[in-house]
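What the coordinates show
So you can see what is in the structure, the chains are spelled out below.
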Amino acid sequence: DRCVFDLLLFGRLRTELVVASFLGQVNYCGPRKANELALARIEAGTRVIILHSGLGNGKTVALEGIKYLAHSKGHKVYTVVNRGDSLAEELQNALVAPGKKIFFVDNYIEWLDIFPTFRSHRSEDFTLVMSARSAANDVVVARLAKDLEIADIFEIPLDELAQPDLEWIVDFFDEFGVWGDRASLSRRRKLSYLAEVCDAEWKAILLAILESPHILDKLHILFSALKQKSV
């Protein structure tokens, strides 16, 4: 429960639990339809895939899900995380390695300086899967295409959750007791609440959770425990 509430309320992602979720070992994050679309584009040979949304709508979690799916299909998976002195050399070594490679870049707007390295390797055995806020992506995506000299950039908006995503959220909230005073609603009414009141958007759903007295009580217990631990 602690890990789930850390993710929902504070955005603290446990990547090992993402993998465990896809293996069916725990219920931590859902297999969004956007993940399946991204994997299909990877398999079809699309060179650049960008996931974009507003704040708090699941870009980082989606990237982790696609990462696992790509790895499960036998692709070599790399994640750009640290800006060390050897970054350019490490990227070059990864790019010349044999086999299909997928590079993941969260918030690619902060990494525009690395893309000339990818441009210098014209082979088609790598794909870039990246994320960005929608507003920033709208401004920068044309420059990105020019810097990479790759025209086939496929953009996937994440703001609106698909119906299977909402179905999973209902089950997920049922399991972890997140509904609070809406727990007695029928499944149909819960789906309607997520789709219509929350506009099928993660951010709105999370805000609705924060307004629940039930969740506020859980937060109070969590903060009290953390405060005692830090004393």
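Counting from 1, residues in each chain are numbered in the order their sequence is written. Given that this is a predicted model, residues contribute local features only at a pLDDT of at least 70 and side-chain atom pairs are listed and counted only at 80 or more, while totals for whole chains, interfaces and linings are drawn from all residues. Only hydrogens and water are removed before side-chain values are computed, so all heavy atoms of the structure are retained for them.

Some remarks on the overall build of the protein
Each helix is a run of DSSP H or I of at least 4 residues and each strand a run of E of at least 2, with the numbering of both proceeding from the N terminus. The helix and strand tally for the protein stands at 11 helices and 5 strands. Its C-alpha radius of gyration of 19 Å places the protein within 12% of the 17 Å reference for a compact globule of 231 residues. Long-range pairs, those at least 24 residues apart, make up 74% of the contacts in the protein between residues at least 6 apart in sequence. Total accessible area on the protein is roughly 12000 Å²; 53% of this is exposed by carbon and sulfur atoms. All tallies of charge rest on Lys and Arg as positive and Asp and Glu as negative; His and the ends of each chain are not included. For this purpose, a charge sits on NZ of Lys, CZ of Arg, CG of Asp or CD of Glu. Considering the protein, the positive charge centre built from 28 side chains and the negative charge centre built from 32 side chains are found 1 Å apart. Radius of gyration here uses only the C-alpha atoms, and the compact-globule reference equals 2.2 Å multiplied by the residue count raised to the power 0.38. When checking whether two residues touch, look at their non-hydrogen atoms; a contact exists if any pair is within 4.5 Å. For accessible areas, the Shrake-Rupley method is used with a probe of radius 1.4 Å. Any residue's cover is judged against the shown protein chains and nothing else.

Looking at the packing of helix 1 (residues 2–10) against helix 8 (residues 163–176)
Only the stretch in contact is used when fitting a helix axis, every axis being a line fitted to C-alpha atoms; angles between N-to-C directions are given from 0 to 180 degrees. Running from amino to carboxyl end, helix 1 crosses helix 8 at an angle of 130°, the nearest separation of the two axes being 11 Å. Here helix 8 runs oblique to helix 1, going by the angle between their axes. Our pair here, helix 1 against helix 8, has a crossing hand that is left-handed. Seen from helix 1, the contacting residues are Val 4, Phe 5 and Leu 8; seen from helix 8, they are Phe 172, Phe 173 and Phe 176. Nonpolar residues are Ala, Val, Leu, Ile, Met, Phe, Trp, Tyr, Cys and Pro. Charged residues are Asp, Glu, Lys and Arg, and all others, Gly as well, are polar. A per-class count over the contact of helix 1 with helix 8 returns 6 nonpolar, no polar and no charged. Every angle not falling under 35 degrees, over 145, or within 65 to 115 is termed oblique; those three ranges are roughly parallel, roughly antiparallel and roughly perpendicular. Helix crossings get a hand from a simple test, with the near helix turned counterclockwise from the far one by less than a right angle marking a left-handed crossing and a clockwise turn marking a right-handed one.

Things to note about the side chain of Ser 53
Relative to the helices and strands, Ser 53 resides in strand 1 (residues 48–53). On the basis of relative accessibility, which here comes to 0%, the residue Ser 53 falls in the buried class. Those residues in contact with Ser 53 that lie beyond four places of it in its chain are Lys 59, Ala 132, Arg 133, Ser 134, Leu 158 and Asp 159. The rule is simple: take the accessible area with a 1.4 Å probe, protein chains only, and divide by the maximum for that residue type; under 20% is buried, over 50% is exposed, in between is partly exposed.

Notes on the environment of Ala 195
Tracing the sequence through the fold places Ala 195 in helix 9 (residues 187–197). In this structure Ala 195 comes out as partly exposed when scored by relative accessible area, which is 31%. Considered as a pair, Ala 195 and Asp 125 are 70 residues apart in the sequence and their alpha carbons are 39 Å apart. If near-sequence neighbours (up to four positions away) are discounted, Ala 195 is found in contact with Leu 166 and Ala 200.

Examining the nonpolar core
Definition used in this section: a nonpolar core is a set of buried Ala, Val, Leu, Ile, Met, Phe, Trp, Tyr and Cys residues joined via side-chain atoms within 4.5 Å. Counting 29 residues, the largest nonpolar core has Leu 8, Leu 166, Ile 169, Phe 173, Leu 194, Trp 202 and Ile 205 as its most contacted members. Listed by contribution, the elements that provide at least two residues to this core are helix 1, helix 2 (15–22), helix 8, helix 9 and helix 10 (202–210). For this core, the leading source of residues is helix 8, giving 7 residues. With residues near it in sequence (within four places) discarded, Trp 202 still touches Leu 8, Arg 32, Gly 56, Asn 57, Asp 159, Leu 161, Ile 169 and Phe 173. In this structure, Leu 112, Ile 114, Val 141 and Leu 144 belong to the second largest nonpolar core, which totals 25 residues.

Concerning the sheet that holds strand 4 (residues 126–133)
Two strands are said to pair when DSSP picks up at least two bridges between them. Spatially, the 5 strands line up as an open sheet ordered 2-3-4-1-5, and their pairing is parallel. The open sheet has two free edges, formed respectively by strand 2 (76–79) and strand 5 (153–157), since each of these has just one partner strand. In this sheet, adjacent strand axes meet at a mean angle of 20° when their direction is disregarded. In this sheet, strand 4 lies alongside strand 3 (residues 101–105) in parallel orientation, the contact comprising 5 bridges. If you follow Val 105 over to strand 4, its bridge partner there is Met 130. Those strands touched by helix 3 (residues 33–44) are strand 1, strand 3, strand 4 and strand 5, and its axis lies near 170° from that of strand 5.

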